[in-house]
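Examining the three-dimensional arrangement
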Amino acid sequence: MNIRKLFGTKDFYKKVIFITIPIILQNGITNFVGLLDNIMVGQMGTDQMSGVAIVNQLIFVFNLSIFGGISGAGIFTAQYYGSGNREGVRDTFRFKLLTCLAIAVIGIAILLAFNTPLISMFLHEGSETGDAAATLQYAKNYLMVMLIGLFPFAINNAYTSTLRETGETVLPMKAGIVAVFVNLILNYILIFGNFGAPMLGCVGAAVATVISRFVETAIVIIWTHTHKEKHSFIADAFKQFRIPKALVGDIFKKGMPLMMNEILWSCGMTMLTQCYSTRGLATVAALNISNTINNLFNVIYIALGSTVAIIIGQLLGAGKMKEAKEQDAQLITFSVLSCFVVGAVLIALSSVFPQLYNTTDEVKDLAQRFICIVAFFMPMNAFLHASYFTLRSGGKTIVTFFFDSVYICCLSVPVAYVLAHFTGIPVVTLYIMVQCLDLIKCVIGFILVKKGVWLQNIVKA
């Protein structure tokens, strides 16, 4: 392979940066404020922090179900936009909106009916830290409020995903920035009872999050509907919800594997956390700290994955196969190399972040170790993320289903379960061993991307 082909031109990187930076800023600010929120809740004690962490792990499954539900339609949105078919974009938007609302109804029903057994899966003794009964109650109180925010979250995703796939990344970023600062200010007021407000602890954090989601959704909806000339897909979008049967069939064909992939993958990740939690509540608290910090640094490769979907999807829709293959290799290279730098910075700062929490030394030490492990494997995760979006952009949803969720459910989770329940190895060793399993996945991803199985236009007439 010609090494020079792995690096693009200045114009290419300008295009990448133009698309990626707004996504990085939005996600980065969101995760930074999430870190501040997490620290605030952490000041209330380990039990409240752990309760919030467990609920957020459950809501993580819901969030990725929404993402999966709109991902199939999103492939068509990007390619319709690349081919100039505005009616097609409108139809995919309608499909997304209906799908998101349906998932929200189902998600709320499940969490209302089974909240206690779901939360209890993560409550294990085995460390000096934490009170299981108190953690359960804090978690349930937090969840009851958070359920209110699932509907605006669902609607917002239908809008923002369509805007991004049609090249509008700035508006979602601005709305996200406003929302996170609303969340931050309300957290400061409601968690600690400042400015005469009651001190609500973790419930205050939930109230702040819900209000911020309504604010973000309102901004996105109002802006989109007042800029119909720029985003014609929204014009007449609500006159009727009749979507061509052929398109619905195609979206289900391509999208159902994506939706099932996100649901099973998020369930797999949740089960991994459950396996780690068998080592005690200190592990749950430490993972909460680690994941919050890592999410802040992971925005680089996550945003570049979205950029892969946008750029490669539009090139495939325009029939530019050679250009798509070249630019995909350049995007993957850029993502992996960026994460060598980001991972090194994260390792250097790993001892600083846990000290910001009001928790035990046991939790702080575990959190630092988890942060270092994730930082070390960050380039690998960047490659996997970009490979996933490469395969997805060409409509290879069955392939991505096996590549992503089947892999974690059939290999990572069983290995973690056996090690967690039938051996006494320390949780840090268990964590490293599970991360190493993804090296096999890297080889599979490299072969699939290099073979070009994803090079196809799925919207051509």
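Everything numeric in this text was worked out from a predicted model, so none of it was measured.

Below, the discussion takes up the packing of helix 3 (residues 86–120) against helix 8 (residues 245–277). Orientation of helix 3 relative to helix 8, taken along the N-to-C sense of each, is 50°, at an axis distance of 12 Å. Between helix 3 and helix 8, the crossing angle belongs to the class labelled oblique. Once helix 3 is placed against helix 8, the crossing between them reads as right-handed. Contacts between helix 3 and helix 8 involve D91, T92, F95 and I103 from the first element and L247, V248, I251, F252 and M259 from the second. By residue class, the composition of the contact of helix 3 with helix 8 is 7 nonpolar, 1 polar and 1 charged.

Our focus in this paragraph is helix 8. If you check helix 8, its first and last C-alpha atoms are 46 Å apart, about what 33 residues at 1.5 Å a residue would give, namely 48 Å. The largest bend in helix 8 is about 40°, located at G255, with the proline P257 one to four residues further on.

If you trace the backbone, T273 turns up in helix 8. A polar side-chain atom of T273 sits 3.5 Å from a polar atom in the side chain of Q57. If near-sequence neighbours (up to four positions away) are discounted, T273 is found in contact with Q57, F122 and L287.

With that settled, the discussion passes to the nonpolar core. A general trend in soluble globular proteins is that nonpolar side chains are found buried together. Y142, Y276, I293, F297, I312 and F370 are the most contacted members of the largest nonpolar core, which totals 134 residues. In terms of residue count, helix 9 (residues 281–317) provides more of this core than any other element does, 21 residues in total. Discounting chain neighbours no more than four positions away, the residues touching F370 are T283, A286, L287, S290, N294, V427, V428 and Y431.

So, on to the packing of aromatic side chains. A complete count under the given rule lists 18 aromatic pairs for this structure. Ring plane angle 75° and centroid distance 5.0 Å describe the contact between F93 and Y159, whose orientation is recorded as edge-to-face. Placement of F93 in helix 3 and of Y159 in helix 5 (residues 150–165) is noted, with a sequence separation of 66 residues between them. Judged by relative accessible area, which is 0%, F93 ranks as buried.

By the element assignment, P198 lies in the loop between helix 6 (170–192) and helix 7 (202–225). C-alpha of P198 to C-alpha of Y301: the two residues are 103 residues apart in sequence and 40 Å apart in space.

Moving on, we get to the pattern of salt bridges. This model, assessed by the stated rule, comprises 5 salt bridges. Ionic pairing is found between R94 and D91, a salt bridge with its closest N-O pair at 3.2 Å. Of this pair, R94 and D91 are both found in helix 3, 3 residues apart, which corresponds to roughly one turn of the helix. Here R94 matches D91 in class, with each residue buried. The closest approach of N and O atoms between K441 and D404, which form a salt bridge, is 2.9 Å. Separated by 37 residues along the polypeptide, K441 in helix 15 (residues 438–451) and D404 in helix 13 (residues 397–422) bring together distant segments of the chain. Assessed through its relative accessible area of 6%, K441 is described here as buried.

Now for helix 4 (residues 132–146). Here helix 4 spans 21 Å end to end across 15 residues, near enough to the 21 Å set by a 1.5 Å rise per residue. Residues of helix 4 that are buried include every one of A132, T135, A139, Y142, L143, V145 and M146, and no others. An end-on view of helix 4 places all buried positions within 160° of arc, on one side of the element.

Moving on, we get to unusual backbone geometry. Look at F195: it is not a glycine, yet its phi comes out positive at around 55°. Inspection of the secondary structure puts F195 in the loop between helix 6 and helix 7. On the basis of relative accessible area, F195 is assigned to the exposed category, the value being 72%.

Along the chain, the position of R279 falls in the loop between helix 8 and helix 9. Put simply, R279 is tucked away with no salt bridge, and the nearest opposite charge, on E362, sits 11 Å away. Among the polar contacts listed, one links the side chain of R279 to the backbone oxygen of T423, at a separation of 3.2 Å. A distance of 3.1 Å separates a polar side-chain atom of R279 from the backbone oxygen of I425.

With that out of the way, let us pick up a nonpolar patch on the surface. Among the surface-exposed residues, I3, F7, L337, F340, V341, V345, L349 and V352 lie close enough to one another that they form a single nonpolar patch of about 710 Å² accessible area. Overall, the relative accessible area of 42% leaves V352 in the partly exposed class.

Once that is clear, we can look at the confidence of the model for the chain. Here the chain shows a mean pLDDT of 87. Residues at 70 or above account for 98%. Averaged pLDDT values over the elements of the chain bottom out at 82 in helix 1 (residues 10–42) and peak at 95 in helix 14 (residues 427–436).

Turning our attention to the environment of Y138. As for its placement among the helices and strands, Y138 is situated in helix 4. A residue is classified by how much of its surface remains accessible, and Y138, at 30% relative accessible area, is partly exposed. It is 8.6 Å that separates the C-alpha atoms of Y138 and S50, two residues lying 88 residues apart in sequence. Residues contacting Y138, with those up to four places away along its chain left out, are D47, Q48 and C202.

Packing of helix 2 (residues 46–83) against helix 8 leaves a shortest axis separation of 8 Å and a crossing angle of 150°. Taken as axis vectors, helix 2 and helix 8 run roughly antiparallel relative to one another. In terms of crossing hand, the pair formed by helix 2 and helix 8 is right-handed. Here the residues of the contact of helix 2 with helix 8 sort into 16 nonpolar, 10 polar and 3 charged.

So, how was this worked out
Residues numbered from 1 in each chain as written. Predicted model: local features only at pLDDT ≥ 70, side-chain atom pairs only at ≥ 80, totals over all residues. Heavy atoms only, no water. Axes fitted to C-alpha atoms, helices over the stretch in contact; angles between N-to-C directions. Helix = DSSP H or I, 4+ residues; strand = E, 2+ residues; numbered from the N terminus. Parallel < 35°, antiparallel > 145°, perpendicular 65-115°, else oblique. Left-handed = near helix turned anticlockwise from the far one by under 90°. Contact = heavy atoms within 4.5 Å. Nonpolar A, V, L, I, M, F, W, Y, C, P; charged D, E, K, R; others polar. Expected span 1.5 Å × (residues − 1). Bend = angle between axes of the 7 residues up to and from the residue. Polar contact = N/O pair within 3.5 Å; in protein donor to acceptor, adjacent residues only side chain to side chain. Core = buried A, V, L, I, M, F, W, Y, C linked by side-chain atoms within 4.5 Å. Buried < 20%, exposed > 50% of the residue type's maximum accessible area, 1.4 Å probe, protein only. Phe/Tyr/Trp six-rings, centres within 6.5 Å; stacked < 30°, edge-to-face > 60°. Salt bridge = Lys/Arg side-chain N within 4 Å of Asp/Glu carboxyl O. Arc of directions from axis to C-beta. Lys, Arg positive; Asp, Glu negative; His and termini not counted. Patch = residues over 30% accessible without salt bridge, like charges linked within 9 Å, V, L, I, M, F, W, Y side chains within 5 Å. Areas by Shrake-Rupley, 256 points an atom, 1.4 Å probe, with all protein chains shown as cover. pLDDT = per-residue confidence, 0-100.

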